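One letter stands for each residue in the lines below.
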Amino acid sequence: MSIQHLIRTTIKALKPYSSARDEFKGLKDNLIFLDANENPFENGVNRYPDPQQQRLKLLLSEMKNVQPEQILLGNGSDEVLDLLIRMFCEPNQDNIIILPPTYGMYEVLADINAVKTIKVNLSASSFQPQLSDILERANEYSKILFLCSPNNPTGNSFEASTIESLLRTFKGIVVIDEAYIDFSNKESWLSQLHNFPNLVITQTLSKAYGMAGIRLGMCFASTEIISTLNKIKAPYNINELTQKKALEGLRKHSALKEQIASILTERSTLAEALDHLPYVEKIFPTDANFIMAKVDDANQRYQQLIEKGVVIRNRTSQPLCENCLRFTIGTNEENRRLVQILKTL
Ligand SMILES: *Cc1c(COP(=O)(O)O)cnc(C)c1O
């Protein structure tokens with residue numbers, strides 16, 4: 001399966017923008033750069049950043065076991081998702097498919113790009129993609145199917161067999177949003193990239209890696225897809241401070257592992273506590289750093305928590321999420337305080 005026919009004609013015709021630094025990097029040291037109208041006095045950020053983030057991609061390629069040419073970095077995964085829509089979806093013609101209840105940005109980004117969104121709800125019983133419904137609703141203009149696994153806000157992962165069937169049968173690009181994969185004991189789909197030319201995987205430093213503030217999203221796909229995305233992205237989309245901080249942060253493996261372990265312990269503790277509250281009707285299984293729970297009256301409980309100084313997310317207006325609240329897992333101290341307060345409601 002070639003994906004060339006899925007790419008917008010305008011995009012296919014683009015030549016990659018060549019930045020001043022692209023052409024000369026690595027040629028030799030101590031070149032004098034008088035080409036980009038920068039201030040020449042060194043202060044750590046007076047030069048434009050590496051437009052291809054080569055050091056960062058090298059480190060990520062080792063960590064994730066993919067080639068650097070299979071990686072595109074974005075200003076958060078939200079930028080990556082936007083680039084994907086712009087690469088494949090012709091405005092006022094094409095559509096994306098999303099599976100509510102899910103991450104809100106897919107539809108927002110489609111709307112901004114004048115791309116329609118087809119919504120096919122997850123199954124009501126277990127929040128799994130409904131294969132036949134998806135294939136039925138898809139049409140010749142359906143370019144991207146967004147699978148969020150583990151899913152936000154429900155927390156569950158999608159069955160591997162269902163994802164595989166979708167990769168084989170959906171006639172467009174399948175994006176698996178793995179923002180929460182590091183909290184899950186399920187395997188990432190990264191190892192399957194070479195088997196599915198239509199597979200795109202996104203991850204982020206915003207959740208498990210603890211760097212939401214630097215805005216770094218990752219996209220993994222075939223070199224064919226990545227090289228085209230490179231033609232669309234702004235040349236300097238990842239700033240110097242972000243590249244530096246990401247390199248530092250990614251090297252702190254052991255601290256990160258401990259934090260994730262702590263979050264997972266706290267998750268069990270909170271689930272247990274929620275289970276004992278009379279107004280909690282159901283706690284949904286989660287592979288992420290949050291728990292979705294169904295309560296008697298989500299609006300009321302949400303408001304009560306705010307009055308006590310705790311902000312959670314009220315998901316009651318989402319499809320299949322009536323009276324559901326989403327709790328992000330905090331530190332041990334934050335969670336103890338949360339549970340104390342929950343018991344008083
Ligand atoms: C939080 C989240 C993201 C992260 O977006 P960034 O722009 O990388 O911070 C992506 N997808 C899902 C499903 C999320 O919940």
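Remember, predicted model here, so these are calculated numbers, not experimental data.

## Comments concerning the overall build of the protein chain
When helices and strands are counted, the protein chain shows 11 helices and 11 strands. Over its C-alpha trace the protein chain gives a radius of gyration of 22 Å, about what one expects of a compact globule, namely 20 Å for 345 residues. For the C-alpha atoms alone, the extent of the protein chain along its principal axes is close to 70 × 50 × 30 Å. Taking as baseline every contact in the protein chain between residues at least 6 positions apart, the subset at least 24 positions apart corresponds to 68%. As displayed, the protein chain has an accessible area near 16900 Å², and 50% of this comes from carbon and sulfur atoms. When the 38 basic and 40 acidic side-chain charges of the protein chain are each reduced to a single mean position, those positions are 2 Å apart.

## Let's talk about the UniProt feature "domain: Aminotransferase class I/classII large" (unreviewed entry) in the protein chain
UniProt feature "domain: Aminotransferase class I/classII large" (unreviewed entry): in the numbering of this structure it lies at residues 43–341. As a span, residues 43–341 carries 37% helix and 17% strand, and end to end its C-alpha atoms are 48 Å apart.

## Notes on the sheet that holds strand E5 (residues 173–177)
Pairing is mixed in the open sheet, where seven strands are placed in the order E1-E7-E6-E5-E4-E2-E3. The open sheet has two free edges, formed respectively by strand E1 (71–74) and strand E3 (116–119), since each of these has just one partner strand. When strand polarity is set aside, the average angle formed by the axes of neighbouring strands in this sheet is 25°. Alignment of E5 against strand E6 (residues 199–204), held across four bridges, turns out to be parallel. Of the residues in E6, the one forming a bridge with Val174 is Leu199. With respect to the sheet, helix H2 (residues 54–64) is in contact with E1, E6 and strand E7 (217–220), its orientation differing from that of E1 by roughly 120°.

Criteria and cut-off values
- Residues numbered from 1 in each chain as written.
- Predicted model: local features only at pLDDT ≥ 70, side-chain atom pairs only at ≥ 80, totals over all residues.
- Heavy atoms only, no water.
- Helix = DSSP H or I, 4+ residues; strand = E, 2+ residues; numbered from the N terminus.
- Rg over C-alpha atoms; globule rule 2.2 N^0.38 Å.
- Contact = heavy atoms within 4.5 Å.
- Areas by Shrake-Rupley, 256 points an atom, 1.4 Å probe, with all protein chains shown as cover.
- Lys, Arg positive; Asp, Glu negative; His and termini not counted.
- Charge placed at Lys NZ, Arg CZ, Asp CG, Glu CD.
- UniProt positions renumbered as here; feature names shortened; annotations may be inferred.
- Pairing = 2+ DSSP bridges.
- Axes fitted to C-alpha atoms, helices over the stretch in contact; angles between N-to-C directions.

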